[in-house]
Amino acid sequence: PLGNLRYRLAMGALLGFLCISVCLAFSAFYEILEWVIVLRFYPASGPEWLGMQGDPWDAQEDMLMAFVGAAASILTLSSAHERSMAAARAAPPPGR
């Protein structure tokens, strides 16, 4: 029982880490894609097109918000997800 608990905690932490990593990777990909499009199609008006409005840290702030959102979602919704999955496992299969 204790080994199973440690395994479930480790897998939950790994799953949370992977979910946050995927969100950050998608955010970074979007920022790079946005930058490449500006370089390709709008080389003269790049900062205006990106909407930086004088903020050189715009991309980093966007990625920080993606991290905060992903971490908050994992922390607030993981227990509700575990409860719903436990209820689904305990319910009889449909059609019985």
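Everything discussed here concerns the structure shown above.
Now for a quick tour of the structure. As the structure is a prediction and not an experimental result, all values here were calculated from the model. (Residues numbered from 1 in each chain as written. Predicted model: local features only at pLDDT ≥ 70, side-chain atom pairs only at ≥ 80, totals over all residues. Heavy atoms only, no water.)

**A few points about the overall build of the chain**
Along its length, the chain carries three helices and zero strands. Listed N to C, the secondary structure of the chain is α-α-α in terms of helices and strands. Burial status across the chain gives 11% buried among its 96 residues. A total accessible area of about 7,900 Å² is found for the chain, and carbon and sulfur atoms account for 72% of it. (Helix = DSSP H or I, 4+ residues; strand = E, 2+ residues; numbered from the N terminus. Buried < 20%, exposed > 50% of the residue type's maximum accessible area, 1.4 Å probe, protein only. Areas by Shrake-Rupley, 256 points an atom, 1.4 Å probe, with all protein chains shown as cover.)

**Points about the packing of aromatic side chains**
Each pair of aromatic rings is reported with the distance of its centres and the angle of its planes. What the rule picks out here adds up to zero aromatic pairs. A cation sits over an aromatic face here: R40 above F41, 5.8 Å from the ring centre. (Phe/Tyr/Trp six-rings, centres within 6.5 Å; stacked < 30°, edge-to-face > 60°. Lys NZ or Arg CZ within 6 Å of the ring centre and 35° of its normal.)

**Here's the deal with helix α3 (residues 58–90)**
Helix length check: α3, at 33 residues, gives a terminal C-alpha distance of 47 Å against a target of 48 Å (1.5 Å per residue), a fit within 8%. Largest kink in α3: about 45°, centred on L77. Along α3, the residues classified as buried are D58, A70 and A71. (Expected span 1.5 Å × (residues − 1). Bend = angle between axes of the 7 residues up to and from the residue.)

**Concerning the side chain of S27**
The topology assignment puts S27 in helix α1 (residues 2–41). The class for S27 is buried, based on a relative accessible area of 11%. Contacts of S27, omitting those with residues within four sequence positions, involve D62, M63 and A66. (Contact = heavy atoms within 4.5 Å.)

**Some thoughts on the state of the cysteines**
Summed over the entire model, instances satisfying the criterion amount to zero disulfides. C19 takes part in no disulfide bond, and the closest cysteine sulfur, belonging to C23, lies 7.0 Å away. C23 sits in the partly exposed class, given a relative accessible area of 35%. (Disulfide = S-S within 2.5 Å.)

**Let's talk about the environment of A13**
Here A13 shows up in helix α1. Sequence separation between A13 and I74 is 61 residues, and the spatial gap between their C-alpha atoms is 9.9 Å.

By themselves, these observations are geometric and do not establish any function.
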